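Below, each chain spelled out in residue letters.
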Amino acid sequence: MKTIFKIFANKMFGVRYERLARAIFIDLIVFWGLYSSGFRIQIRPFILYLMVSTFTAGVMRQTLSAEAHADDMMNLLMLPFERKAFIFGYVSGLGVYTVLVRTGMLLAAVYAIASWSSLEIICSGLCACNAVLMTAAVYAWRKRQGAGMIWAGAFTASIVLLQDTRIFSAVTVGNALAAAVFLCGADAYSFYRKEGGRKQVRRVSRRHSVWRYLFRYLASHKNYLANTAVMWSAACVLPVMFGQMESRAALPVGFAVLSINTPVCILLSCDPALEQAVRLLPGQKKAFCIPYCLFVFLCNTIADVIYLMSWELQAGDVTAAAVWMGAFFSFQSAVMSVLLEWFFPLRGWKTQSDLWHHPRKYAVPVLMMLEAGIAGRFLG
């Protein structure tokens, strides 16, 4: 187990664990910056547990599904191994990375802006560990997805219904032990994911072949579709939050928030083979970037249309200027996102989670937010 853990820990953190040290340093900066700002809000404990559990489970799922582990897994599975030691070493290596590097950033921000008791902090840590084990167990037994979804739904319901932190802590520990038992009976080969299993569209010289590739790529990645659906759901909810401000000045802020559709904006970075083909073939800068820009614009426009419809139903007074402003924000966000992908693609990443949570994802939304503040002065 120790050997397997070290192999994947070195891959995720670096040979000298320099990436872990950098992540902890960033977490401390985030915590100190938010804490010293004096900004405080009240967050109920079950909201903390729900955020930590869902976020950790999502990142762990992405890490387990990463094709970057395919070669390492294939080589290790060709050697003699002890099944339980292999499973727990592999899950521990990816789990430590998920909790310390990814969930650590969320905890640093949440701990800084709200007051928590020591028991609540311990319980949130238990939620993170439970999410790692539970996600790995569901992934290993993914042939029984129905049972896994029921299990996840039952635990989520317990987070909301059990208001006593002590009782919920006991339930979380019991659930984590159950997940460990399921992992003991899992097959080590269930964690192996073949690299390059999906078909790719090789020809990108014609415009409609690019569109076909983009839609097929999006359809073949269910998590990309799920993220897009979440953005559309947020478009329905944002008017409720902004409507409390009793000012149309908040309307452009929603356009800026809805520009954070990370999976759609990193299609070149997450597919090195496609990027290499696009850059090597002649005339592909225009043949690929224009359809890609229109594709991102379409995704942004759908979210903005849902947002404006929800605003009209809940707050009313959506003018033609607001519609044109939404179109402008969608188009500008699409152009800037594609330019970033073309001139500053993300390379050297280890897992898909690295792409989804790279700081570059906030570059376009931050600029959109600044423009939203300027536009809000004219609408307020």
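Residues numbered from 1 in each chain as written. Predicted model: local features only at pLDDT ≥ 70, side-chain atom pairs only at ≥ 80, totals over all residues. Heavy atoms only, no water.

Asker: Hey, could you run me through the overall build of the protein in this one?
Answerer: A tally of regular secondary structure across the protein gives 16 helices and 0 strands. Within the protein, the proportion of its 380 residues that are buried is 45%. A total accessible area of about 19,600 Å² is found for the protein, and carbon and sulfur atoms account for 69% of it. (Helix = DSSP H or I, 4+ residues; strand = E, 2+ residues; numbered from the N terminus. Buried < 20%, exposed > 50% of the residue type's maximum accessible area, 1.4 Å probe, protein only. Areas by Shrake-Rupley, 256 points an atom, 1.4 Å probe, with all protein chains shown as cover.)

Asker: Looking at this structure, I do not really get the nonpolar core. What am I missing?
Answerer: For soluble globular proteins, nonpolar side chains are generally found buried alongside one another. Ranked by internal contacts, the top residues of the largest apolar core, which has 49 residues, are L64, V91, L183 and F191. Of all the secondary-structure elements, those providing two or more residues to this core are α1 (2-13), α2 (18-37), α3 (45-64), α4 (70-77), α5 (83-113), α6 (118-140), α7 (145-161) and α8 (165-184). The element best represented in this core is α5, accounting for 12 residues. Not counting residues up to four positions away in its chain, the partners in contact with V91 are M60, V132, L133, A136, L183 and F191. (Core = buried A, V, L, I, M, F, W, Y, C linked by side-chain atoms within 4.5 Å. Contact = heavy atoms within 4.5 Å.)

Asker: I tried to follow the side chain of S310 on my own but got confused; where do I start?
Answerer: With respect to the secondary-structure elements, S310 resides in helix α13 (residues 284-314). Taking the relative accessible area as the measure of exposure, S310 reaches 7% and is therefore buried. Residues within four places of S310 in sequence aside, it is in contact with A235, C236 and P239.

Asker: Please clarify how the packing of α13 against helix α14 (residues 320-343) should be interpreted in this entry.
Answerer: It is the contact of α13 with α14, at a shortest axis distance of 8 Å, that shows an interaxial angle of 140°. Seen from above, α13 lies across α14 with right-handed handedness. For the contact of α13 with α14, the per-class residue count stands at 15 nonpolar, 5 polar and 3 charged. (Axes fitted to C-alpha atoms, helices over the stretch in contact; angles between N-to-C directions. Left-handed = near helix turned anticlockwise from the far one by under 90°. Nonpolar A, V, L, I, M, F, W, Y, C, P; charged D, E, K, R; others polar.)

Asker: How should the packing of α3 against α6 be read in this particular structure?
Answerer: Helix-helix packing is described using two parameters, namely the angle between the two axes and the distance between the axes. Contact geometry of α3 with α6 gives a least axis separation of 8 Å together with a crossing angle of 35°. By crossing handedness, the relation of α3 to α6 is classed as right-handed. Contacts between α3 and α6 involve P45, L48, Y49, V52, S53, T56, A57, M60, R61 and L64 from the first element and E120, C123, S124, C127, A128, A131, V132, T135, A136 and Y139 from the second. Partitioning the contact of α3 with α6 into residue classes produces 14 nonpolar, 4 polar and 2 charged.

Asker: Is there a simple way to explain the environment of V101 in this structure?
Answerer: The residue V101 is located in helix α5 in this model. Remark: the alpha-carbon pair of V101 and L20, spanning 81 residues in sequence, is separated by 6.7 Å. If we ignore the near neighbours within four places in the chain, the residues touching V101 are F13, A23 and V96.

Asker: Teacher, can you tell me more about α3 here?
Answerer: Helical periodicity: at 3.6 residues per turn, an α-helix aligns residues three or four positions apart in one direction. With 20 residues, α3 ought to run about 28 Å at 1.5 Å a step, and its terminal C-alpha atoms sit 28 Å apart, in line with that. For α3, the full list of buried residues reads F46, L48, Y49, V52, S53, T56, V59, M60, Q62, T63 and L64. (Expected span 1.5 Å × (residues − 1).)

Asker: Help me out: how do you make sense of the packing of aromatic side chains in this one?
Answerer: One pair of aromatic rings is described through two measures. These are the centre distance and the angle between the planes. The final tally for this structure, using the stated rule, is 11 aromatic pairs. With 5.4 Å between their ring centres and 55° between their planes, W151 and F182 make a pair best called tilted. In this pair, W151 is assigned in helix α7 and F182 in helix α8, connecting sequence segments 31 residues apart. When its relative accessible area of 43% is taken as the criterion, F182 is described as partly exposed. Ring geometry for F328 and F329: centres 6.2 Å apart, planes at 85°, overall edge-to-face. (Phe/Tyr/Trp six-rings, centres within 6.5 Å; stacked < 30°, edge-to-face > 60°.)

Asker: Hey, could you run me through a nonpolar patch on the surface in this one?
Answerer: A cluster of nonpolar side chains, contributed by F25, I26, I29 and M105, occupies part of the molecular surface with about 360 Å² of accessible area. Looking at which element gives the most residues to the nonpolar patch, the answer is α2, with 3 residues. Locating I26 in the fold gives a position in helix α2. (Patch = residues over 30% accessible without salt bridge, like charges linked within 9 Å, V, L, I, M, F, W, Y side chains within 5 Å. Salt bridge = Lys/Arg side-chain N within 4 Å of Asp/Glu carboxyl O.)

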